[in-house]
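These are the residues of each chain, in order.
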Amino acid sequence: MIIIRDSNREDAEGVARVDVSARATLRETYRPNQKALAHKKAMARQLHRLVAICGGTIAGTTQCYVDGNAMHLIGLGVHRDFRRQGVARALVAEVALRTRRLGLPVLITHTVAETGNVPVFEALGFQVQSRCLDEYSASVSGAPLTAVIMKLELRE
Ligand SMILES: CC(C)(COP(=O)(O)OP(=O)(O)OC[C@H]1O[C@@H](n2cnc3c(N)ncnc32)[C@H](O)[C@@H]1OP(=O)(O)O)[C@@H](O)C(=O)NCCC(=O)NCCS
């Protein structure tokens, strides 16, 4: 069973474990550049974190924030030991539920195409809204990266 709840201070260690695991996977493809790190710092106060608990362990986490008439989902990550068990699906479902409750019509996320996550978000119900050259990431291979904005429409 996967329990999704708001994060609290006691979660710090478990969230850090998930972040290390998720980041290790992403670092196979890219690193955020200075512009991305500055943006993340500026956003920090607006972010709300959820955690996914499996068997008493923090297995996954994500953050979200409202901007205009959209909810944004960032930093979705699942610990390697808990992947392909529906943890990301459960986190996204909870954020989508909260988005609907706020009367907002859309949930938006950004991903880097070269990570292979576009099909993952499509499996979670998102559609590609736009693609452009990624100005926030530096690729490990040195090749240009593609930033993809994806949206999950929530209107009935
Ligand atoms: C991407 C990530 C969050 C997916 O988490 P997860 O809990 O394993 O995903 P779920 O089990 O909920 O899978 C949801 C769907 O995505 C697809 N999917 C997930 N991982 C996949 C993979 N490695 N290959 C292909 N499809 C995949 C599947 O269609 C899956 O549904 P199904 O299992 O019913 O077929 C996880 O792999 C992760 O943390 N990766 C590193 C960090 C990262 O990339 N975060 C996203 C930043 S944009």
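For the structure itself, look to the data block above.
All values reported here derive from a predicted model rather than from experimental measurement.

Q: Give me the lowdown on the nonpolar core, citing residues and values where you can.
A: If you look at the biggest cluster of nonpolar residues, it comprises 25 residues, and the most contacted ones within it are Val 87, Val 92, Val 95, Leu 107, Phe 126 and Leu 152. Going through the elements one at a time, strand S3 (48-54), strand S4 (57-67), strand S5 (70-78), helix H3 (87-101), helix H4 (117-123) and strand S9 (146-153) are the ones with two or more residues in this core. When residues in this core are grouped by element, the largest group, six residues, is from H3.

Q: Can you explain the site of the ligand? Please cite residues and give values.
A: With respect to spatial proximity, 20 residues lie near the ligand, and among them Leu 76, Val 78, Arg 84, Gly 86 and Asn 117 are the closest. Measuring from an oxygen atom of the ligand, one finds a backbone N or O atom of Gln 85 at 3.3 Å. Between the ligand and Arg 89, the relevant distance is 2.8 Å, taken from an oxygen atom to a main-chain nitrogen or oxygen of the residue. A total of 910 Å² of accessible area belongs to the ligand in isolation, and the protein chains cover 73% of it. Elements represented by at least two residues in the shell around the ligand include exactly helix H1 (12-26), S5, H3, strand S6 (106-112) and H4. Considering every element that reaches the shell around the ligand, the biggest residue donor is H4, with four residues. The residue makeup of the shell around the ligand, split by class, is 10 nonpolar, seven polar and three charged.

What counts as what
Residues numbered from 1 in each chain as written. Predicted model: local features only at pLDDT ≥ 70, side-chain atom pairs only at ≥ 80, totals over all residues. Heavy atoms only, no water. Core = buried A, V, L, I, M, F, W, Y, C linked by side-chain atoms within 4.5 Å. Buried < 20%, exposed > 50% of the residue type's maximum accessible area, 1.4 Å probe, protein only. Helix = DSSP H or I, 4+ residues; strand = E, 2+ residues; numbered from the N terminus. Near = heavy atom within 4 Å. Polar contact = N/O pair within 3.5 Å; in protein donor to acceptor, adjacent residues only side chain to side chain. Areas by Shrake-Rupley, 256 points an atom, 1.4 Å probe, with all protein chains shown as cover. Nonpolar A, V, L, I, M, F, W, Y, C, P; charged D, E, K, R; others polar.

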